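Residues per chain, in single letters:
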Amino acid sequence: MDYNTESLAVYNTTPPNDILNANLNTLNFDSSCISTDILDQGNIYEKRQPKEYWENDQEGKPVKHFDGSATYLRRRKQNNDTLEGIRDEISSTGLIDMNDLFKKVRLKSAIRSEKTRKRETKKVGEKLWTEKYCPNRFMDLCSAGNDKQYRLVLHWLRKWDPLVFKKRPVEEDVDFKKILLICGPPGIGKTVAAHILAKQSGYSVQEINAANSMDKLPQSDTPSGAQGFANVSAALRLKITNALTTNSLTSNNKPTCLVIDEIDSSANAGDIMKVLYDLVQLDRKKARRTTKPKTFGSKASSKEQKKEFSLNRPIICIANDIYSTSGSRFNKSASLEKLRQISEIISFRKPHLAKSSVNSKPGNSVRSLKEHLMVINDAEKLGMDYQEIGEVIDVCEGDIRACINYMQFNGRKINTDLIDPPKSTNKSQNKDKHMTWISMVETLFKRDPRLSKDESFNYIMQLISNGTGQNAVNLSGNLDKVINACFGRYLDFVHFQDDSLYKPNMFNDWLYIYDLFSKNVEIGEYASMTVLKVWTAFSDVHANSIMREQNLIPNHRSIDFETYEASQKNKSIIRSFLDNAPLSTRTCLCGGISYNSQIPMYILPYMGMSLTPVGWDSKTPGSIKAHEKIMIRKIAKFIQQSGIRLEKSFDPMSGRYNLVYLPDFDSINSFDNIQVFSTRNNPTSVQRKRQSLFPLIELELEKGQVPKADPISLTKTSLQQQADEVPQFKKRKTKTELVNFFKGKYDGVSQLTKSDTSEKSATGAKIWIKYNEGFSNAVRRNIGWADFWS
Amino acid sequence: MSLWVDKYRPKKLDQLSYHNGLTENLKALASTGDFPHLLVYGPPGSGKKTRIYGTLYELYGPQVEKLKIDVNTFTTTSNRKLEFNVLSSAHHLEITPSDMGNNDRVVIQDLLKDVASVEQVDFSNSAKSKSKHRFKVVIINEADSLSKDAQAALRRTMEKYSANIRLILVSNTTSGIIAPIKSRTLLVRVPAPSETDIADILSGIAKKEGLKFKPDTDNAKQELFRNIALHSEKNLRRTLLCFETLSMQSETINIDKNTLSLVSIDWEVIIANLAKSIVANKSVANIAKSRVVLYELLSHCIPARTILKRLLFDLISLNNYNDNITQELTEYAALFDERLSLGQKSIFHLEGFVARAMLILDK
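Notes on the structure follow. (Residues numbered from 1 in each chain as written. Chains lettered and ligands numbered in written order. Predicted model: local features only at pLDDT ≥ 70, side-chain atom pairs only at ≥ 80, totals over all residues. Heavy atoms only, no water.)

### Observations regarding the overall build of chain B
Then, in step 1: Looking only at helices and strands, chain B has 14 helices and nine strands in total.
Then, in step 2: Scored against the burial criterion, the 363 residues of chain B give a buried share of 54%.
Then, in step 3: A separation of at least 24 residues holds for 72% of the contacts in chain B among residues at least 6 apart in sequence.
Then, in step 4: As presented, chain B carries roughly 15,900 Å² of accessible surface, and 49% of it is formed by carbon and sulfur atoms. (Helix = DSSP H or I, 4+ residues; strand = E, 2+ residues; numbered from the N terminus. Buried < 20%, exposed > 50% of the residue type's maximum accessible area, 1.4 Å probe, protein only. Contact = heavy atoms within 4.5 Å. Areas by Shrake-Rupley, 256 points an atom, 1.4 Å probe, with all protein chains shown as cover.)

### Re the sheet that holds strand 6 (residues 165-171) of chain B
Residue and element names in this part refer to chain B.
Then, in step 1: Spatial strand order, 2-3-4-5-6-1-7: seven strands in an open sheet with mixed pairing. Across the chains shown, the open sheet's two edge strands, defined by having one partner strand only, are strand 2 (68-75) and strand 7 (186-189). Direction aside, the axes of adjacent strands within the sheet are offset by 25 degrees on average.
Then, in step 2: Where strand 3 (residues 81-88) meets strand 4 (residues 92-95), two bridges bridge the pair, whose relative direction is antiparallel. By the bridge assignment, Leu87 is partnered in strand 4 with Glu94. (Pairing = 2+ DSSP bridges. Axes fitted to C-alpha atoms, helices over the stretch in contact; angles between N-to-C directions.)

### Some remarks on the pairing of strand 7 (residues 315-319) of chain A
Residues and elements named next belong to chain A.
Then, in step 1: For strand 7, the tally of buried residues reaches five of five residues, placing the bulk of the element in the interior.
Then, in step 2: Sheet topology note: the strand 3 (residues 179-183)/strand 7 ladder contains five bridges and is parallel. Bridging from a neighbouring strand, Ile182 pairs with Ile318 of strand 7.
Then, in step 3: Judged from the three bridges that link them, strand 6 (residues 256-260) and strand 7 form a sheet pairing that is parallel. Within the sheet, the bridge partner assigned to Val259 lies in strand 7 and is Ile316.

### A short note on empty space enclosed by the protein
Residue and element names in this part refer to chain B.
Then, in step 1: The full count for this structure, using the stated rule, is five cavities of 30 Å³ or more.
Then, in step 2: When contributions to the lining of the second largest cavity are tallied by element, the ones reaching two or more residues are strand 1 (38-41) and helix 3 (48-60).
Then, in step 3: Considering each element in turn, the lining of the second largest cavity owes the most residues, three residues, to helix 3. (1 Å grid on protein atoms, 1.4 Å probe; cavity = no way out; pocket = protein on both sides within 12 Å on 5 of 7 lines; lining within 4 Å. Points joined across faces, edges and corners; volume = space filled by probe spheres on them.)

### Here we look at the pattern of salt bridges
Then, in step 1: In the structure shown here, the tally under the stated rule is 17 salt bridges over all chains.
Then, in step 2: For A:Asp492, the salt bridge is made with A:Arg489, and the minimal N-O distance between the two is 2.9 Å. Residue A:Asp492 and its partner A:Arg489 are located together in helix 22 (residues 476-497), separated by three residues, close to a single helical turn.
Then, in step 3: On the basis of relative accessible area, A:Asp492 is assigned to the buried category, the value being 1%.
Then, in step 4: With a closest N to O distance of 2.4 Å, B:Glu351 and B:Arg291 form a salt bridge. Residue B:Glu351 is located in helix 14 (residues 346-362), and its partner B:Arg291 is located in helix 11 (residues 284-299); the two are separated by 60 residues in the primary sequence.
Then, in step 5: B:Glu351 gets classed as buried once you look at its relative accessible area, which sits at 1%.
Then, in step 6: Residue B:Arg291 is classed as buried on the basis of its relative accessible area of 2%. (Salt bridge = Lys/Arg side-chain N within 4 Å of Asp/Glu carboxyl O.)

### Notes on the interface of chain A and chain B
Then, in step 1: At the interface, 83 residues of chain A touch 80 residues of chain B.
Then, in step 2: There are two salt bridges connecting chain A and chain B.
Then, in step 3: A salt bridge links B:Arg339 to A:Asp509; its shortest N-O distance comes to 3.0 Å.
Then, in step 4: Joining chain A to chain B, the criterion identifies 16 residue pairs in polar contact (both at pLDDT 80 or more).
Then, in step 5: Secondary-structure elements contributing two or more residues to the side of chain A that touches chain B are helix 22, helix 23 (502-519), helix 26 (559-580), helix 27 (583-590), helix 28 (598-611), helix 29 (626-641) and helix 30 (666-669) of chain A.
Then, in step 6: When the residues that make up the side of chain A that touches chain B are grouped by side-chain class, the tally is 41 nonpolar, 30 polar and twelve charged. (Polar contact = N/O pair within 3.5 Å; in protein donor to acceptor, adjacent residues only side chain to side chain. Nonpolar A, V, L, I, M, F, W, Y, C, P; charged D, E, K, R; others polar.)

### Things to note about the sheet that holds strand 4 (residues 204-208) of chain A
All names here are of chain A.
Then, in step 1: The parallel open sheet is built from five strands, whose spatial order is 4-6-7-3-8. This sheet does not close on itself; its edge strands, each paired only once, are strand 4 and strand 8 (343-347). Averaged over all pairs of adjacent strands, the angle between their axes in this sheet comes to 25 degrees, without regard to strand direction.
Then, in step 2: This element, helix 7 (residues 147-159), spans strand 3, strand 7 and strand 8 of the sheet and lies at about 160 degrees to strand 8.
Then, in step 3: Against the sheet, helix 9 (residues 190-200) touches strand 3, strand 4, strand 6 and strand 7, its axis set at about 165 degrees to strand 7.

### Considerations on unusual backbone geometry
Glycine aside, the phi torsion of most residues is negative, and most peptide linkages are trans.
Residues and elements named next belong to chain B.
Then, in step 1: Even without being glycine, Glu142 reaches a positive phi, approximately 45 degrees.
Then, in step 2: Mapped onto the elements of the fold, Glu142 is located in the loop between strand 5 (136-140) and helix 5 (148-160).
Then, in step 3: Glu142 sits in the partly exposed class, given a relative accessible area of 25%.
Then, in step 4: Positive phi, close to 55 degrees, is recorded for Glu233, a residue that is not glycine.
Then, in step 5: Structurally, the position occupied by Glu233 is in the loop between helix 8 (218-231) and helix 9 (236-249).

### Observations concerning the nonpolar core
One broad rule of soluble globular proteins: the nonpolar side chains tend to lie buried together.
Then, in step 1: Of all hydrophobic cores here, the largest spans 133 residues; its most connected members are A:Ile697 and B:Phe243.
Then, in step 2: No other element matches helix 14 of chain B, which puts eleven residues into this core.
Then, in step 3: Sequence-distant contacts of B:Phe243, defined by excluding residues within four places in its chain, comprise B:Trp4, B:Leu202, B:Ile205, B:Ala206, B:Leu211, B:Phe213, B:Phe225, B:Ile228 and B:Ile253.
Then, in step 4: Counting 27 residues, the second largest nonpolar core, distinct from the first, contains B:Leu93, B:Leu111, B:Ile140 and B:Leu167. (Core = buried A, V, L, I, M, F, W, Y, C linked by side-chain atoms within 4.5 Å.)

See the structure below:
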């Protein structure tokens, strides 16, 4: 449809109504025509025919819609070129009114530009900014304080080079953890970073996530649902192994890097983890066999050789909360515990919002985030300044994705503001209609000197009960944030005002009321009255300067959440400690067999003391006395029984290697942030003791190893580890054989082909052709060059 | 070799060394072959579970020692899967309701019905008199943390299935347990052992382990044992752990003033320091400082009520047990303890107590 001529015609001709009608009708007709096309392809010609017939008919044609209503279609009046109209004018007068013509042309161009502008803005709106400004290159990444983590990821990917690209055979690097687990709060760029860093290192990324329908796997759509479900684990395994061993045609001959996103919330997370775990075990097996060909090569039959599998493509898993053991929203039997053991963990962090001290500038992390948002701001011409962007970041609590969404949402509003002639400079218009909880907190602490106390109280009252502040205090989540923020700041205000102890006490009673009321649904609405008390008790004319200058609790914004997170982490450590301990120890240590507060309170502290006793700072194997030998034997025995492992862990923050017990209960025993007079659990002295203690314990463990049925894996050095796991591995071998035997033919076939490829995958990876992947009529077969040329 | 807590744990009622009257009663109970539902309560580390297992041993013989852990799965009404551990032998099973969260009512009902609907048939020693125990014992740990719903569900089940099932509830206090349950059970209180009891046990262990002491006199040793007992709040489990840790530190245990500082626990030291700073500096700035400390303690999984209790006792002792102050502090500690159990934000209430304590001490 030619918009230009149409609109001009509308402008020219006096009764435009019928033309518009006609337009409308044709539109209707067209749409119905299209829909019939889609629905019933056989009838398409029948529908088309009347159209031709209808061209001769001036009266109109009844068309039935799907809902049964009929519309009469009249033929659209043929609108000839605009010049025709002009020609008419020429013919009538013989002269052209130039002014008139210019006017028309100007109008025309104005209308055209208007149309195109509208179309453009529409197009922009179609795409989410989070997609639009998703970084594509490493340089585009917004670090937001995660530079170190990025480097660690790259470092980990670099370790794959000898395996994948055959760059240089480095012996000691083969033994790294084969799975990378990235964790961190949502919206800080974990997925993007994983994709980009993998690309940067020369991989093509294949992604599996919770959304891309794990249950619709190629092998799982058997007619009966139950059977399909039972097969899902096998199918998943096939999918993952295929992703790892094959090169797809589209990936430019780059090796694949598998990214498993949202592994903690995926519906079949348990299955994924099981598959990954199995793969790693198989890989270890293979690695061991190649390094020790003398002992095992002879025993392995040719069949086994084919089944063995080596992991030679990197796998990156991404999760929000790697300690979510108690989530139990889905089948969380496995939890991430298993995965954590076999994978390298890198945790991403939110940019630190809390200002560390009074006068310091916001940290580098926040600044880089601000600059990143500023780029978007400039590209979209939002006209926000640094301060406003800072506010946005505050509101979204450092969540980059939320920030961009917020900007997109409010950006539209700003656009309309710009069009309006009297451009409003009032910044508050740019904000959400409802007050955010942060501005709510600010309002609560502020007192307007121009108003009397009653007036301003009424103002706040209005704001909360039915004004714009309603949202900030009535949604329970927001109210919680407001109260927490007030709780974080109120001491500063008291300190500034009169420094009396009465106000904290009084306010604490109100906090109790909030705590009590917010739980109860019936009286929940009164909980927001605590907010009013904040105003009456603490509001101050100098609110801004207090906010800036007073800071009794430096990290008041994040401390609550950090505490929660730390306690969750510690609890999960305790659970894993309990899971490993033998039954008799468990029953007598904590009454029951489950988590018990006695454990962090008494048991683990004493355990920590026993396992790293005093006076071990400078002991060498030569200088130990008889009783100390007994002591070490005792420690070793205990370690062996309770399933504790000794490990050398790399601390990315300090860049040093630490000797720790695993499960690592140091974090429960040591209070790093508080100065304690006893230097008992001082990390450095503990480390010094362990330096001399660990080799001795290991020696003892190895001695005691032989008669024991189940050995303890010592992952200190690869050699020891291998030696330890030999018996375990024997058992497992028979198991996997059985499992493999019972798997369907699909698996059997794929296993054979897979192991073939895995042996020489780095150079001669197989080519698969994919067609309709993920659908029931998918075609997937092996092709060679001959197929291409024939 | 294992921990002393494990190694020196009595298996039979005869081996128990203190609360002899109670032990006699339990023995008499077990010998009749039948017993009512029990509610065993007492402070932690006083030997509740040891006594229960001793009684079970008396009833069923060594079979109760063959324990295994099952992971039961349970599907709730909203189709969520729930997992919890069940510790069981042939004759009893043991559950902890805190595993189950809010669904404890449904789980307990289901589990008990399951157990109760199957009558115990004991083929192994049918000739003996013990075959008449046709019931299974279900031990419920931390019974006071059962929700009111679950307790209400228990009361009917206890009567209905009493032919096949016996319940033993274990808890620290009876205050969390509703009256109907109390009336249906035999209340057994296991008080904490006295200092002399603990000292006896410790000296027995010291002899068996062949420990050496620096001033090797009986008086000094007794003094040390008593001090350890006091230091660990007469919690026998803690006492044993503490003693073992002490023995691990050096070859001979030097008995002097500093002995116990070797095994002091960091969080207790921190709370003691907090109490000192509260007494010394009563200001808003100090409230803020103590808030940071409280957060740190909470993040290390120290229960809020324990912090409160410990802080109260430290404050009282720092004020030389002044009557007025003690009375007032305790009153408010009780108030905030209630708030802790009613509310959810423990930091509010802990800080409230700190602020209140400052106000009281400021007078």
